[in-house]
Amino acid sequence: MSRKSVSLVGLVILCCHASLTEQRLQGIFKDPKEPIDERVKDLLGKMNLEEKVGQMTQIERKNASAEVLKSYFIGSVLSGGGSTPKVNATVKEWVDMVNGMQQASLSTRLGIPMIYGIDAVHGHNNVMNATIFPHNVGLGVTRDPQLLKEIGAATALEVRATGIPYAFAPCIAVCRDPRWGRCYESYSEDHRIVQQLTEIIDGLQGEAKTDMKGMPYVNGKTKVAGSSKHYVGDGGTVKGINENNTIVDDSALYGMHMAAYVNSVAKGIATIMASYSSINGVKMHAHKQLLTDYLKGKLGFKGFIISDWEGIDRITSPAHSNYSYSIQASINAGIDMVMVPYNYTEFYDGLIDLVKKNAIPMSRIDDAVSRILRVKFAMGLFENPLGDYSLINEVGSQKHRELARQAVRKSLVLLKNGKPGNPPILPLPKNAGKIVVAGSHANNLGYQCGGWTIEWQGVSGNNWTAGTTILDGIKATVDKRTKVVYKKKPSDTYSSKGKMDYGIVVVGEVPYAETNGDSQNLTIPAPGPAVIENVCKETKCVVIIVSGRPVVIEPYVDKIDALVAAWLPGSEGQGVADVLFGDYGFTGKLARTWFKRVDQLPMNYGDPKYDPLFPFGFGLETKPIPPTKKPEL
């Protein structure tokens, strides 16, 4: 046989091999008509160890170069709080960034798309000009599952509009102590309200028509994969200290803290995030009994469990002091995807090494990757991996802002309306002669949105996003002839200097998130108390508290004519004015106990020594003022 003939035969063999290889790589997993678990099984069988470990790795966007995504087969990328493509990034720039990363993932050997995740905990809160809804502490007041479903759908649409298919929400913690810095992320101290409001999952992911039996469910390109968090018991830590130990018996653990996870699994929640905290001394990130035996076993959860930010590092004290042990303990306990987010080479190499040493069985890796792939298939990520530019105008749409404004109105709680022996003063007349609006929170969009807004710890001021301050809302509502005077910090003689019909004082907490919000005193920061004193001593006054939880207000209640808990209302301050001036009535009922003194804490409805300032479920009501008819000409 000639050398030329041999070369032709060799070429034919190579072409056939290449064709077979391509056919093998295509396989069942590329076919959306095949059952999800068949696609998972097919793709898993084609993956090597390095590709599997890559799928279990989630890195921060700052590290997510095309080279890193391809070299390490990264399964997921996230934006941490405040991590954006650039300062004041446009929606298009978000989509460009995510799509660029996705193109790198699609160019790997198997073309497995990465899943981009972000904290969208009260709207798409990292993104400039997005709609910012009230934080969960206010939404719990509404006790309105349908409203929550609509908020979930609006949030999902705005998240998808930036090219992102995965939101770390909802938080379904049952906050039992307002000293906890994350209490505003909780709907209520009552697990039944939290369970009711898991309806937000149907908005985020789409409504599953039947019990999903633990299978992840994401219905189409305008929905996102959700993440119920933080599993489990994060709202019950000792003294409300963030990441602390939760000491509970089985009744409290499974009857209270676990309850909303049962609802979440039935609704097809795609992912569940482990808590930093511990249960009876065992770190949740290493709690095999609760992660694997109970959640995956008894509850039948088939999505994936994701760690919190550097969550596995904190299994040891000090954090990261024995990282190899942390990897081994967390993965064997049941964590499927690790939010690394920076030391990805250390995690990647360490996990591979532990598998090769048989410290982590291959079966555990295969289970984790199967769960991750199952979610990606369920959400249609293989068929539609790229962001859709046609959705860009959904971010901050007027329809979503109207929904947020409605949520503000329904989340307000009227705690006092008139001094003893005097008539109620709310709703206020729109045609009052002169109204002074005072306080640090009256004209500060950042303060009324709170933490987890633009930056992780929140921001101050009005220049970073679109929205309406409470002051703007008041000015837009009153009669044109009514004089509205704004004094951020009026002096102690201000009230006596000029005749005022009413004073509206807006004070409260400055923004915070997580441990930075832990407080053992829960006082209103200065100059809030002085502003209340200065305005209310000679003027009929309404005090509006902007806070992430009940705070100490008992010393001021007698001096106040009307008292409103506005929580953290978000970007639509007009909703506050809507109710103050009677376009709508007050309807909200406390979803949290309002204590008298911090030495009473923790104190929750049903406790033996229950002696609150305002009890769980309290809330005065007002009727809307019918609009006056214009005289016929």
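Above this text sits the structure in question.
Because the structure is a prediction, the values reported are computed rather than measured.

Asker: What's the story with the state of the cysteines in this structure? I'm lost.
Answerer: Any covalent bond linking the sulfur atoms of two cysteines counts as a disulfide. The final tally for this structure, using the stated rule, is 2 disulfides. Two residues, C175 and C183, share a disulfide whose sulfurs are 2.2 Å apart. Disulfide C175-C183: the torsion about the S-S bond is -105°, which places it as left-handed. Take C175 and C183: they sit in the same class, and that class is buried. Paired by a disulfide, C536 and C541 hold their sulfur atoms 2.0 Å apart. Between C536 and C541, the S-S torsion sits near 105°, and that sign places the bridge as right-handed. For the pair shown, C536 and C541 are each scored as buried. Numbered by order of appearance in the sequence, the disulfide-linked cysteines of the chain pair as 1-2, 3-4. Cysteine C171 is unpaired, with the sulfur of C175 as its nearest cysteine sulfur at 9.3 Å.

Asker: What exactly am I supposed to notice about the environment of H320 here?
Answerer: Secondary-structure assignment places H320 in the loop between strand 10 (304-306) and helix 13 (323-333). Judged by relative accessible area, which is 27%, H320 ranks as partly exposed. Put simply, H320 and E310 are 10 residues apart on the chain and 8.8 Å apart in space, counted from C-alpha to C-alpha. Residue contacts for H320: discarding those within four places in its chain leaves D313, N343 and E346. Engagement of the side chain of H320 in a polar contact is seen with the side chain of E346, the distance being 3.0 Å.

Asker: I keep staring at empty space enclosed by the protein and nothing clicks. Help me out?
Answerer: Empty space among the atoms becomes apparent when a probe as large as a water molecule is rolled across them. One pass over the full model with this rule turns up 5 cavities of 30 Å³ or more. One number sums up the size of the largest cavity: a volume of about 140 Å³. Along the wall of the largest cavity there are 19 residues; nearest its centre are A120, V121, H122, N136 and I200. For the lining of the largest cavity, the secondary-structure elements that each account for two or more residues are helix 6 (136-142), helix 7 (145-161) and helix 9 (200-205). When grouped by side-chain class, the residues that make up the lining of the largest cavity number 12 nonpolar, 5 polar and 2 charged. Counted as a void, the second largest cavity has a volume near 80 Å³.

Asker: Explain the side chain of D119 to me, please; I cannot follow it from the model alone.
Answerer: Relative to the elements of secondary structure, D119 occurs in the loop between strand 3 (115-118) and helix 6. Polar contacts involving the side chain of D119 include one to the side chain of K229, which spans 3.2 Å. Not counting residues up to four positions away in its chain, the partners in contact with D119 are S79, N125, N126, F168, K229 and W452.

Asker: I keep staring at the nonpolar core and nothing clicks. Help me out?
Answerer: Generally speaking, a soluble globular protein has its nonpolar side chains buried in company with each other. Among the nonpolar cores identified, the biggest contains 120 residues, and L43, V77, Y116, Y231, L290, I327 and L351 are the most heavily contacted of them. At 8 residues, helix 7 tops the list of elements feeding residues into this core. Excluding anything up to four places from it in sequence, I327 contacts I312, E346, F347, G350, L351, L354 and I360. Judged by nonpolar contacts, the second largest core, of 64 residues, contains V408, Y512, V542 and I545.

Definitions and cut-offs
- Sequence order as written defines residue numbering, which begins from 1 separately in each chain.
- Thresholds applied to this predicted model are a pLDDT of at least 70 for local features of residues and 80 or more for the giving and counting of side-chain atom pairs; totals over whole chains, interfaces and linings are not thresholded and use all residues.
- Working from all heavy atoms in the structure, the side-chain values ignore hydrogens and water.
- To count as a disulfide, a pair of cysteine sulfur atoms needs to be within 2.5 Å.
- Accessible area is worked out with a 1.4 Å probe on protein chains only. A residue is then buried under 20% of its type maximum, exposed over 50%, and partly exposed in between.
- Under the DSSP-based scheme used, a helix requires at least four consecutive residues in state H or I and a strand at least two consecutive residues in state E, with every element numbered from the N terminus.
- Two residues form a contact once any of their heavy atoms are found within 4.5 Å.
- Whenever two N or O atoms come within 3.5 Å, that pair is a polar contact, provided that in protein one can donate a hydrogen and the other can accept it, and provided that, for residues adjacent in sequence, both atoms are side-chain atoms.
- Within this scheme a cavity is a closed region of a 1 Å grid, computed over the protein atoms alone, that accommodates a 1.4 Å probe without allowing it to escape, whereas a pocket is open but has protein on both sides within 12 Å along at least five of seven lines; lining residues each have an atom within 4 Å of a point.
- Grid points are joined across faces, edges and corners, and a volume is the space filled by probe spheres set on the points.
- Any residue that is not Ala, Val, Leu, Ile, Met, Phe, Trp, Tyr, Cys, Pro, Asp, Glu, Lys or Arg is counted as polar, Gly included; the first ten are nonpolar and the last four charged.
- Throughout, nonpolar core names a set of buried Ala, Val, Leu, Ile, Met, Phe, Trp, Tyr and Cys residues whose side chains join them through atoms within 4.5 Å.

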